[in-house]
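Okay, here's what each chain looks like letter by letter:
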Amino acid sequence: MLFAALAVIALGVWSMRWERPGVTLGPQQSVETTNPKAGVHTRLTDEVEEWKIKRTLEMVREMGAPWVVEYFPWAYVESEPGRYNWTHSDQVINHAHQQGLTVIARLGFAPQWARPKDTTPLYLDEERFVDFGGFAAKFVERYRGKVNYVIIWNEPNLALEWGYAKPDAIKYTEMLRVVYPMIKAAAPEVQVLAGALAPTLAPPGSEFGVNDLVFLQEMYNAGAADYFDILAIHSYGWHFDPDSPSDPEVVNFRRTELLRAIMVENGDGHKPAMITEGGWNDHPRWTRAVRPAQRIAYTLRAYEIALEEWDWLDALCLWVFRFPWDQNSYQDYFTFVRTDFEPKPIYLEVQQSMRK
Amino acid sequence: MRRPMVWVAGIAIIVGVAGAAWLADNRQVEMLLPFLRRDATWQAIQQRGVWRVGLDPSFPPFEMLDAEGTPIGFDVALAQALAESWGVRVEIVAVGFDSLPDALKAGRIDSIISAYPFDERLTQDFLFSAPYFDAGLRIGVHAGSTIRELTDLSGLRVGVEWGSQGDLIGRRLQQDGMNISVQPFDAPNELIAALIKSQSVDAIFVDNVSLRQAQVAGLPISAVGEPLESIPYVIVTPRRAHELHRQVEASLQQLIVSGELANMETRWFGAELGEELSQ
């Protein structure tokens, strides 16, 4: 009798499982905007709740930005060799696609099994590049038709982002040489972005990193041109306005033009570039921050420059749309939307400018 | 295996009962308390004769560097006054704002006094003093204005710093149905000028630092109503530094009661903004 009752309860619970309302994708949307190059870097990697993923991407669309950069850590998907968990990345890609957004997928972050003991997830030995390529190929294969752009690694010119090893343009180029053909074999139409270099004035021999202009030239010297389709650029303005002229000794928004010049000098002028991180910060204390009014004015101008002046630039994706929770640091002052989804004034101003 | 376990348990019970009996005598508790509440940070300050205070000297008027590179400002003066009351010297340690908690946790500094806002998420690691300044958002009006609180702003013009928290709150109030006209300005000094000089707005949403600077400079501006947002600046000490925390609280209260804290505020807040607008 008791067993029968328990069985009935279990059956009831099981059937309720299917009736529970979930987050729906909703109708297919499209982005209405006056600036088809406008974008943002979202930060959904650690966003657990699906409705928040959906709301974030809805708000990006509603702001008038057709492009999003999002990070898909290899370790989160393939925590054991050959065993893939696509649950979270499916949610992000499907919601982004439904909102009519174009996704630029940033790939990196090695699982423990793919790297030596006591290394960080940003370290990868050359013999493991093929494993990373395998993951990248699986990724583009799975999201064929939904993801046409992938970035290989992030800021490899910084020791921090290169697993605290000495940044090495030759080794990074080797990573591209291994991974690029594997992606193309799986989905030839996918465009591979390389670089995503951190803008830095690090002096020669610095333990922290390599000057981005130097690193890019070293990539070309190592033969990188054959292994990427688009250059990913990080373009932070610090406290300079977006019209401050480019200067190799200064980190500002138009440093982008110096990276472009290196592309052209190396015969890569036919390839486009994309800014996949950048922007201004309005933290009251951070020494590289600007006033909130300047941040708005500079951001609007930057989107205008991307659209009207830089015909070689396909997208300008600014850091960072929203964090899942407060970072409790200057990073919170890069955002467009608060963690509770209340739009900051900068969001509303960008939205207004994209509607004109 | 069971017999040794029984012995261990038995001995533990006997020691526990004996200890409880010993502690039942209050004099014994008093003997133990100093040992139990031993504050290594306070003891080290006493032994060194130096209180190491961490701050990021890039936030006038709270902390900045003078022409010789010496840290000065409201927070530096506050640290010196507190240290003086304990008979020790202050050593200012310059640390980047975001690194201050780590520096305190690592023992590089004994305390933080750096216009540091209270953060309840850090309470498991640190002790926080009572606020010595609130930098939050206030409603600023021309002295003599009949505006007394937020609801009095209905139908009026409110100035905000474009893109700031004041701007966000102004837009939020509009969204919630409040009939106000939100007018943006590029910087706090322009905002205050719009209220005091051109009178192109009836009230402003302004941070309390800018407001106090204007007041100290003698401008006819008053704060009315409840703060729209509170950002209390506090002194931070390590979680186990009970005695240091107690001493900070006691001395801070003395500075408040004696009026010395208010004098420091007046001395350090009479800065550029007020002078610029007074002209």
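Residues numbered from 1 in each chain as written. Chains lettered and ligands numbered in written order. Predicted model: local features only at pLDDT ≥ 70, side-chain atom pairs only at ≥ 80, totals over all residues. Heavy atoms only, no water.

1. Focus: the overall build of chain A
Part 1 of the argument: The secondary structure content of chain A amounts to ten helices and eight strands.
Part 2 of the argument: Expected size for 356 residues packed as a compact globule is a radius of gyration near 21 Å; at 21 Å, chain A falls within 12% of this value.
Part 3 of the argument: Based on the C-alpha atoms only, the size of chain A along its principal axes is roughly 80 × 50 × 40 Å.
Part 4 of the argument: Across chain A, every contact between residues at least 6 apart in sequence was considered, and the portion connecting residues at least 24 apart equals 75%.
Part 5 of the argument: In the structure as shown, chain A presents an accessible area of about 15300 Å², 54% of it carried by carbon and sulfur atoms.
Part 6 of the argument: Charge centroids of chain A, computed over 35 positive and 47 negative side chains, lie 5 Å from each other. (Helix = DSSP H or I, 4+ residues; strand = E, 2+ residues; numbered from the N terminus. Rg over C-alpha atoms; globule rule 2.2 N^0.38 Å. Contact = heavy atoms within 4.5 Å. Areas by Shrake-Rupley, 256 points an atom, 1.4 Å probe, with all protein chains shown as cover. Lys, Arg positive; Asp, Glu negative; His and termini not counted. Charge placed at Lys NZ, Arg CZ, Asp CG, Glu CD.)

2. A few points about helix 3 (residues 40-48) of chain B
All names here are of chain B.
Part 1 of the argument: Among all positions of helix 3, only Thr41, Trp42 and Ile45 are buried. Burial along helix 3 is one-sided: seen end-on, the buried residues are contained in an arc of 100°.
Part 2 of the argument: Summarising the contacts, the buried residues of helix 3 are in contact with strand 1 (50-55), helix 4 (74-86), strand 13 (232-238) and helix 9 (242-258).
Part 3 of the argument: One or two positions beyond helix 3, positive phi appears at Gly49, with a value near 75°. (Buried < 20%, exposed > 50% of the residue type's maximum accessible area, 1.4 Å probe, protein only. Arc of directions from axis to C-beta.)

3. Quick word on a negative patch on the surface
Part 1 of the argument: Residues Glu126(A), Glu127(A), Asp168(A) and Glu218(A) make up a contiguous surface patch of negative charge.
Part 2 of the argument: With respect to the helices and strands, the residue Asp168(A) is situated in the loop between strand 4 (147-152) and helix 6 (169-186). (Patch = residues over 30% accessible without salt bridge, like charges linked within 9 Å, V, L, I, M, F, W, Y side chains within 5 Å. Salt bridge = Lys/Arg side-chain N within 4 Å of Asp/Glu carboxyl O.)

4. Digging into the nonpolar core
Part 1 of the argument: In terms of nonpolar packing, the biggest core is built from 93 residues, with Phe132(A), Phe139(A), Val150(A), Tyr172(A), Met175(A) and Phe336(A) touching the most fellow members.
Part 2 of the argument: At nine residues, helix 6 of chain A tops the list of elements feeding residues into this core.
Part 3 of the argument: In this structure, Leu82(B), Val209(B), Ile235(B) and Leu261(B) belong to the second largest nonpolar core, which totals 32 residues. (Core = buried A, V, L, I, M, F, W, Y, C linked by side-chain atoms within 4.5 Å.)

5. Some remarks on the pairing of strand 8 (residues 313-319) of chain A
Residue and element names in this part refer to chain A.
Part 1 of the argument: In terms of burial, strand 8 is largely enclosed, as six of its seven residues are buried.
Part 2 of the argument: Where strand 1 (residues 38-41) and strand 8 come together, four bridges link them in parallel fashion. Within the sheet, the bridge partner assigned to Val40 lies in strand 8 and is Leu318.
Part 3 of the argument: Sheet topology note: the strand 7 (residues 273-279)/strand 8 ladder contains three bridges and is parallel. Its bridge partner lying in strand 8, Met274 is registered against Ala315.
Part 4 of the argument: In this fold, strand 7 hands off to helix 9 (residues 292-308), which returns the chain to strand 8; that crossover is right-handed. (Pairing = 2+ DSSP bridges. Right-handed = clockwise from strand over helix to strand, strands pointing away.)

6. Points about unusual backbone geometry
Part 1 of the argument: At the junction of Trp319(A) and Val320(A), the peptide bond is cis and its omega measures out at -5° in the coordinates.
Part 2 of the argument: Looking at where Val320(A) falls in the secondary structure, it is placed in the loop between strand 8 and helix 10 (345-355).
Part 3 of the argument: Pro60(B) connects to Pro61(B) through a cis peptide bond whose omega is 0°.
Part 4 of the argument: With respect to the helices and strands, the residue Pro61(B) is situated in the loop between strand 1 and strand 2 (64-65).
Part 5 of the argument: Unlike most non-glycine residues, Glu155(A) shows phi in positive territory, near 45°.
Part 6 of the argument: When you line up the elements, Glu155(A) lands in the loop between strand 4 and helix 6.
Part 7 of the argument: Here the phi dihedral of Ala196(A) falls at roughly 50°; this positive angle occurs in a residue that is not glycine.

7. Concerning the interface of chain A and chain B
Part 1 of the argument: Chain A puts 21 residues into the contact, and the matching count from chain B is 21 residues.
Part 2 of the argument: Roughly 1700 Å² is buried in total at the junction of chain A and chain B, and carbon and sulfur atoms are behind 50% of that figure.
Part 3 of the argument: For the pair chain A and chain B, the interface holds four salt bridges.
Part 4 of the argument: Here Glu161(B) and Arg291(A) are joined by a salt bridge, their closest N and O atoms 2.8 Å apart.
Part 5 of the argument: Counting across the interface, chain A meets chain B through eleven residue pairs in polar contact (both at pLDDT 80 or more).
Part 6 of the argument: Residue assignment for the side of chain A that touches chain B shows that the elements contributing at least two residues are helix 9 and helix 10 of chain A.
Part 7 of the argument: With four residues, helix 9 of chain A is the largest single contributor of residues to the side of chain A that touches chain B.
Part 8 of the argument: Looking at the side of chain A that touches chain B residue by residue, the classes come out as nine nonpolar, four polar and eight charged. (Buried area = accessible area lost by both parts, 1.4 Å probe. Polar contact = N/O pair within 3.5 Å; in protein donor to acceptor, adjacent residues only side chain to side chain. Nonpolar A, V, L, I, M, F, W, Y, C, P; charged D, E, K, R; others polar.)

8. Examining the domain arrangement of chain B
Residues and elements named next belong to chain B.
Part 1 of the argument: With domains assigned, chain B is organised as domain 1 (40-134 + 233-272) and domain 2 (137-229).
Part 2 of the argument: Facing the nine residues of domain 1 at the interface are six residues of domain 2.
Part 3 of the argument: Together domain 1 and domain 2 conceal approximately 690 Å² of surface at their shared face, both sides included; 61% is due to carbon and sulfur atoms.
Part 4 of the argument: Among the residues of domain 1 in contact with domain 2, Asp134, Glu265 and Phe269 are the three that bury the most area, contributing 50% of the side total.
Part 5 of the argument: The interface formed by domain 1 and domain 2 includes one salt bridge.
Part 6 of the argument: The partner of Glu265 in a salt bridge is Arg212, and the shortest N-O contact between them spans 2.4 Å.
Part 7 of the argument: Remark: the boundary between domain 1 and domain 2 carries two residue pairs in polar contact (both at pLDDT 80 or more).
Part 8 of the argument: Contributions of two or more residues to the side of domain 1 that touches domain 2 are made by strand 7 (133-134) and helix 10 (260-269).
Part 9 of the argument: Per-element tally for the side of domain 1 that touches domain 2: the top contributor is helix 10, with three residues. (Domains from an automatic or database assignment.)

9. Quick word on the confidence of the model for chain B
Residues and elements named next belong to chain B.
Part 1 of the argument: Taken residue by residue, chain B gives an average pLDDT of 90. The fraction at 70 or more is 86%.
Part 2 of the argument: Long-range and interchain partners of residues 272-279, a stretch whose pLDDT sits below 50, account for 20 contacts in this model, where long-range means more than four residues apart.
Part 3 of the argument: In the predicted assembly, ipTM is 0.88 and pTM is 0.87. (pLDDT = per-residue confidence, 0-100.)

10. So, the packing of aromatic side chains
Geometrically, a pair of aromatic rings is defined through the distance of the ring centres and the angle of the planes.
Residue and element names in this part refer to chain A.
Part 1 of the argument: Scanning all chains against the criterion turns up 46 aromatic pairs over all chains.
Part 2 of the argument: Look at Tyr236 and Phe334: their rings are 5.7 Å apart centre to centre, the planes differ by 65°, and that puts the pair in the edge-to-face class. With a gap of 98 residues between them, Tyr236 in strand 6 (residues 230-236) and Phe334 in the loop between strand 8 and helix 10 connect regions that are remote in the sequence.
Part 3 of the argument: With a relative accessible area of 3%, Phe334 lands in the buried category.
Part 4 of the argument: Ring plane angle 20° and centroid distance 6.3 Å describe the contact between Phe321 and Phe336, whose orientation is recorded as stacked. (Phe/Tyr/Trp six-rings, centres within 6.5 Å; stacked < 30°, edge-to-face > 60°.)

11. Some points on the sheet that holds strand 4 of chain A
Residues and elements named next belong to chain A.
Part 1 of the argument: The parallel closed barrel is built from eight strands, whose spatial order is 1-2-3-4-5-6-7-8. With direction set aside, neighbouring strand axes in the sheet form an average angle of 30°.
Part 2 of the argument: Across the sheet, helix 8 (residues 255-265) is in contact with strand 6 and strand 7; its angle to strand 6 comes to roughly 160°. (Axes fitted to C-alpha atoms, helices over the stretch in contact; angles between N-to-C directions.)

12. Looking at the side chain of Asn281(A)
All names here are of chain A.
Part 1 of the argument: Mapped onto the fold, Asn281 is located in the loop between strand 7 and helix 9.
Part 2 of the argument: A polar contact is formed between the side chain of Asn281 and the backbone oxygen of Tyr330, at a distance of 2.8 Å.
Part 3 of the argument: Residues in contact with Asn281, not counting those within four places in the same chain, are Trp286, Ala289, Val290, Arg295, Tyr330, Tyr333 and Phe334.

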